[in-house]
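Coordinates in review
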Amino acid sequence: PYYIGVSSNPTVGGTTTGAGDYYNGNTCTLTATPSPGYVFANWTENGNPQTSNPIYSFIVTESRNLVANFVASTYTISAYADPYIGGSVVGAGTYGYQQTCTLTATAAPGYDFVCWTENGANVSNNRTYTFTVTADRNLVATFEEQTYVISTTVNPTNGGSASGAGTYTYNQTCTLTAVPETGYYF
């Protein structure tokens, strides 16, 4: 019999089956199964590619040593601000399986950070969101405009009236008008 040996590269990348003794003319079927976070790349022998199929069958005519090659999976983490003028986000990019991703949201002047959402669901209320990468993700940093209450009073109360008070957003123009009563001036 001939011995068919197999190994994984890297060893944590996956497992293989099918190694063992085979008689001349028998069919050997090798199977490579990637570990979570890895994908199968190819089978090689002495560094030479044999096939990119994870299941490799061949007729045995000699002893062989084959290597199942695996590569770490990469994932895309996307992040953006809503509304886009409400702030900025950093930390998006390409990450390997189980790497740590930290996204940070910074509000623009006149805006406050609200939360991080994914597919419309709240995933964090913290401006800085850290998680372990296991899949592609698309996250949204939600911001809201700051609002301010502008109030007025008249002194003395019978001296006239004032208009223009109300709720305003950051950088919005507020116009206040004072109208004196007869016998008073502003």
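As the structure is a prediction and not an experimental result, all values here were calculated from the model.

**Considerations on the pattern of salt bridges**
All chains considered together, the criterion is met by two salt bridges. A salt bridge links Glu-45 to Arg-64; the shortest N-O distance between them is 2.7 Å. Placement of Glu-45 in strand E5 (residues 38–45) and of Arg-64 in strand E8 (residues 64–72) is noted, with a sequence separation of 19 residues between them. Both residues of the pair, Glu-45 and Arg-64, count as buried. Here Glu-118 makes a salt bridge to Arg-137, at a shortest N to O gap of 2.6 Å. Highlighted residues: Glu-118 in strand E13 (residues 111–118) and Arg-137 in strand E16 (residues 137–145), separated in sequence by 19 residues. Overall, the relative accessible area of 17% leaves Glu-118 in the buried class. For Arg-137, a relative accessible area of 17% translates into the label buried.

**A look at the nonpolar core**
Among the nonpolar cores identified, the biggest contains 17 residues, and Ile-77, Leu-103, Trp-116 and Phe-131 are the most heavily contacted of them. At the level of elements, strand E9 (74–82), strand E12 (100–107), E13, strand E15 (128–132) and E16 are the ones that each hand at least two residues to this core. When residues of this core are assigned to their parent elements, the largest contribution, four residues, is made by E9. When sequence neighbours within four positions are dropped, the list of residues in contact with Leu-103 reads Ile-77, Ala-79, Val-90, Gly-91, Ala-92, Trp-116, Arg-127, Thr-128, Tyr-129, Phe-131 and Leu-139. Core analysis: the second largest hydrophobic core is formed by 13 residues, Ile-4, Ala-32, Phe-40 and Val-60 among them.

**Considerations on the sheet that holds strand E7 (residues 55–59)**
A sheet is described by the order of its strands in space; here three strands give the open sequence E2-E4-E7, paired in antiparallel fashion. Strands at the two margins of the open sheet, each flanked by one partner only, are strand E2 (14–17) and E7. In this sheet, adjacent strand axes meet at a mean angle of 15° when their direction is disregarded. Summarising the sheet, strand E4 (residues 27–34) and E7 pair through five bridges and their orientation is antiparallel. In the strand pairing of E7, Thr-31 is matched with Ile-55.

**Details of the sheet that holds strand E6 (residues 48–51)**
By way of backbone hydrogen bonds, the strands of a sheet pair with one another, either parallel or antiparallel. In space, the five strands of this open sheet follow the order E3-E1-E8-E5-E6, with mixed pairing throughout. Two strands lie at the open edges of the sheet, namely strand E3 (20–22) and E6, each paired on one side alone. Neighbouring strand axes in the sheet, compared pairwise and without regard to direction, differ in orientation by 35° on average. Where E5 lies against E8, six bridges are found, and the strand directions are antiparallel. Residue pairing in the sheet places Phe-40 in a bridge with Phe-70 of E8.

**Examining unusual backbone geometry**
Only a minority of non-glycine residues have a phi that is not negative, and only a minority of peptide bonds are not trans. Omega for the bond connecting Asp-82 with Pro-83 falls within 30 degrees of zero, at -5°, which places this linkage in the cis form. Locating Pro-83 in the fold gives a position in the loop between E9 and strand E10 (87–90). Following Asn-155, the chain continues to Pro-156 via a peptide bond in cis, the omega torsion being -5°. Phi at Gln-98 is positive, roughly 65°, even though this residue is not glycine. For Gln-98, the location among the structural elements is in the loop between strand E11 (93–96) and E12. Positive phi values are uncommon outside glycine, yet Asn-119 reaches one of about 55°. If you trace the backbone, Asn-119 turns up in the loop between E13 and strand E14 (121–124). Judged by relative accessible area, which is 78%, Asn-119 ranks as exposed.

About the criteria used
- Residues numbered from 1 in each chain as written.
- Predicted model: local features only at pLDDT ≥ 70, side-chain atom pairs only at ≥ 80, totals over all residues.
- Heavy atoms only, no water.
- Salt bridge = Lys/Arg side-chain N within 4 Å of Asp/Glu carboxyl O.
- Helix = DSSP H or I, 4+ residues; strand = E, 2+ residues; numbered from the N terminus.
- Buried < 20%, exposed > 50% of the residue type's maximum accessible area, 1.4 Å probe, protein only.
- Core = buried A, V, L, I, M, F, W, Y, C linked by side-chain atoms within 4.5 Å.
- Contact = heavy atoms within 4.5 Å.
- Pairing = 2+ DSSP bridges.
- Axes fitted to C-alpha atoms, helices over the stretch in contact; angles between N-to-C directions.

So, to be careful, I would describe these as geometric facts and stop short of saying anything about function.
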